[in-house]
Amino acid sequence: MTTQDAGVAVIRPVGDIVAASVPDLRTEMRGSIAAGARRVTIDLTRVEMIDSVGLGLLIAAHNSLTRVGGELSVINASKEILDLFVAMRMHQHFSVRGAGAASGGAVSGAVQPNTVPPGAAAPGAVGLNQAGSNQMGSNHAERA
Amino acid sequence: MRSGQALTETSESGSPVRVQSRAPDRHDGSMGFTAVLPSTMEAVEGAARDFRRLFGVLSRDVAGHADPDPVFSGELLLREALLNAVLHGNGSEAQQNVYCAARVKRGNLLIVVIDQGQGFDWQAAMARDAAAHECTGRGLRIFRMYATRVRFSARGNRVALLKRASGDWKREQE
């Protein structure tokens, strides 16, 4: 489910963000960005599990948004998913916040992001319509 | 969970998935399941759901409420091992099988996954870390971060992951 207004989109996946569900979520995220969203928030309220393919999708979305001057953020992550983001250093790429952080108030379990400035895409970042291994359309092509 | 109860009989694609669960062994308290899966994402999902159902119940039994951490960690390790086997080991060829076993004994979770592929240079892969912008290459980092011990066969088509559980799960098993 996605809500979108004035360049801002909030995507609320239902279920796990794992290899089997990533294609549908990728389509939804790609659609939001194509429709003009530049600040995309993924609300993980109803997500219990993210695997390496799901992490790859978030990195691809971050790459795509950064390239067009946009920004990805993640909110309402469970403690286990927050721990996973930290272990995988995802919080060094985009803002990751735990449950209760959506309103921007004091947040328990929030991870302070080391944000990549908009427009300063990491080396190798590519856009939505370019062929490459780091865009949203990429497959899990290498051994995990 | 009754001993020998089938958790999943067929995948959503209709391919056979043979899963056998084990009730706690009266002698050593071990519990788990084994499965032979086709190389499909649906089969990975089925095995992950079975893991969550079986070990989630085990965790809830401990203190009357779910302690999601060992279940999350274990399921994540199982998913990554199965993804490696299905996507890379067997090249997503559905007719190629993946064998997996997950067992908890005395608080330790052991996951074994075997594929029918040619194997890979796991030593080089384990030493490599995905660059920040790369969308792939994080599965083995998950192994390193979440497993207490990772052992590949020489060829690389068999992996054994040991997770020493702590807290309630461990006490439950002792």
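Notes on the structure follow. Please read these numbers as outputs of a predicted model, since none were measured by experiment. Along each chain, residue indices are assigned from 1 in the same order as the chain's sequence is written. Each chain takes a letter, starting from A, and each ligand takes a number, starting from 1, following the order in which they are written. Whole-chain, interface and lining totals are the exception, using all residues; otherwise, since this is a predicted model, local features are given only for residues with pLDDT of at least 70 and side-chain atom pairs are given and counted only at 80 or more.

Some thoughts on the overall build of chain B
1) Next: Secondary structure elements follow DSSP: runs of H or I of four or more residues count as helices, runs of E of two or more count as strands, with numbering from the N terminus. Along its length, chain B carries five helices and six strands.
2) Next: Helices and strands in chain B line up, N terminus first, as β-β-α-α-β-β-α-α-β-β-α.
3) Next: As a rule, residues whose C-beta atom has 12 or fewer other C-beta atoms within 10 Å are exposed, those with 20 or more are buried, and those in between are partly exposed; C-beta atoms are placed from the backbone. The 174 residues of chain B split such that 47% are buried.
4) Next: Residue pairs are scored as contacts if the distance between their C-beta atoms, which are placed from the backbone, is within 7 Å. At a minimum sequence separation of 6, the contacts of chain B that also span at least 24 residues come to 62%.

Here's the deal with the pairing of strand β6 (residues 158-164) of chain B
Residues and elements named next belong to chain B.
1) Next: The two faces of β6 differ: Val159, Leu161 and Lys163 on one face are buried, but Arg158, Ala160, Leu162 and Arg164 on the other face are not.
2) Next: The criterion for strand pairing is that DSSP finds at least two bridges linking the strands in question. Where strand β4 (residues 108-114) and β6 come together, seven bridges link them in antiparallel fashion. Opposite Asn108, over in β6, you have Arg164 as the bridge partner.
3) Next: Taken together, the four bridges between strand β5 (residues 149-152) and β6 define a ladder with antiparallel strand orientation. Among the inter-strand pairings, Val150 is bridged to a residue of β6, identified as Leu161.
4) Next: Taking the residues that link successive antiparallel strands as the turn, the β5-β6 hairpin has five residues, and the phi of Gly156 there is positive, at about 100 degrees.

Some remarks on helix α2 (residues 52-67) of chain A
For the α-helix, the turn length of 3.6 residues means that residues three or four positions removed from each other point alike.
1) Next: Under the 1.5 Å per step criterion, the end-to-end length of α2 of chain A is 22 Å for 16 residues, consistent within 8% with the ideal 22 Å.
2) Next: Where α2 of chain A ends, the next residue or the one after it, Gly69 of chain A, has phi of about 80 degrees, a positive value. Here the expected length of a helix is defined as 1.5 Å per residue gap, with one fewer gap than residues.

Here's the deal with the environment of Val68 of chain A
Residues and elements named next belong to chain A.
1) Next: Inspection of the secondary structure assignment puts Val68 in the loop between α2 and β4 (71-77).
2) Next: On the basis of neighbour count, Val68 is assigned to the partly exposed category, with 15 C-beta atoms found within 10 Å.
3) Next: Along the chain, Val68 and Ile33 lie 35 residues apart, while their C-alpha atoms are 9.5 Å from each other.

Comments concerning the packing of helix α1 (residues 22-34) of chain A against α2 of chain A
Residue and element names in this part refer to chain A.
1) Next: Running from amino to carboxyl end, α1 crosses α2 at an angle of 10 degrees, the nearest separation of the two axes being 11 Å. Relative to α2, α1 is oriented roughly parallel. For the element pair α1 and α2, the recorded crossing hand is right-handed. Contacts between α1 and α2 pair Val22, Leu25, Arg26, Met29 and Ile33 from the former with Val53, Gly54, Leu57, Ala61, Ser64 and Leu65 from the latter. Axis angles are defined between N-to-C directions and span 0 to 180 degrees, where every axis is a line fitted to C-alpha atoms and, for a helix, only to the segment in contact. Should an angle fall under 35 degrees it is taken as roughly parallel, and over 145 as roughly antiparallel, whereas 65 to 115 is taken as roughly perpendicular and any remaining angle as oblique. The hand of a helix crossing depends on one turn: near helix anticlockwise from the far one by less than a right angle means left-handed, and clockwise means right-handed.

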